[in-house]
Amino acid sequence: MNQNSADVSFPGYSTGLADKDKTWFDENRKTYAAEVVAPTKLFVTALGERLAGSFAPNIVALPKTNGSIGPINNDLRFSPDKTPYKDHLLLRFWEGDDKKTSPTLMVRISKNTIGFASGSAIVDVERWRALIDQSSGEELADQLAVLGDGRDLDIDGQGYKKVPKPYAQDHPRAELLKHKSFQARWLQPTPSAVHAPSFVDWVADELAAAAEVHHWLVSHLGS
């Protein structure tokens, strides 16, 4: 279903859920479904269409939990504070056959900040290192420099403390050679228009800043 900007506004980001327990959630499940889940599904569809029309023609946007919408439940095995529910919404859009390994664009929506990311799994580490060593790696580094201009860009995914052999420790892209996965991520303050229809376009425009990084990942690491 096509959604125009005027048709879609984003729901509340339900920061209070982090303070609630399962009893409360069960009692309010219908409200959560109507006021958060349903509008989020529309938002995912609308944002997916913006991304496809802008720079990611084969992007996958699945408007369902465990599709493009991360589950609201925390995995208590890995949650340090043991709160059962997240205080944010995590949305994921990927371009490729396999959600787990394909180049991915992510949006993390919380009360005070909106997080953005462009990243990918690195299935073949040796191939990644060869790409980074060659001119293609210089191209990625240049694109990251552009993306980081005016943003506090964090490059996540390093799995090694030292540059792996046979590459020199003073390699011009030494930090990228240390990666086992890759994600370029940054934060923006949550805008006042978070509940307005224009929020869809604002998020799409911010992700478009990573278009060249995403294209590099699709071209070199995509399935």
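Keep in mind that what you see is a predicted model, and the values were worked out from it rather than measured.

Basis of the calculations
- Residues numbered from 1 in each chain as written.
- Predicted model: local features only at pLDDT ≥ 70, side-chain atom pairs only at ≥ 80, totals over all residues.
- Heavy atoms only, no water.
- Salt bridge = Lys/Arg side-chain N within 4 Å of Asp/Glu carboxyl O.
- Helix = DSSP H or I, 4+ residues; strand = E, 2+ residues; numbered from the N terminus.
- Buried < 20%, exposed > 50% of the residue type's maximum accessible area, 1.4 Å probe, protein only.
- Pairing = 2+ DSSP bridges.
- Axes fitted to C-alpha atoms, helices over the stretch in contact; angles between N-to-C directions.

Peer 1: Break down the pattern of salt bridges for me, citing the residues and quoting the values.
Peer 2: Two side chains carrying opposite charge are able to pair once their charged atoms lie near each other. Under the criterion given, the structure shown has eight salt bridges. In this structure, Arg-129 engages Glu-126 in a salt bridge whose closest nitrogen and oxygen atoms are separated by 3.1 Å. One end of the pair is Arg-129 and the other is Glu-126, both in helix H3 (residues 125-133) and three residues apart, which spans about a single turn. On the basis of relative accessible area, Arg-129 is assigned to the buried category, the value being 6%. For Glu-175, the salt bridge is made with Lys-178, and the minimal N-O distance between the two is 3.2 Å.

Peer 1: Tell me about the sheet that holds strand E5 (residues 179-189), and name the residues and values.
Peer 2: The five strands are arranged E1-E2-E3-E5-E4 in an open sheet whose pairing can be described as antiparallel. In the strand order of this sheet, the two ends are held by strand E1 (89-94) and strand E4 (154-158), each with one partner. Each neighbouring strand pair of the sheet contributes to a mean axis angle of 20°, computed without reference to strand direction. Alignment of E4 against E5, held across four bridges, turns out to be antiparallel.

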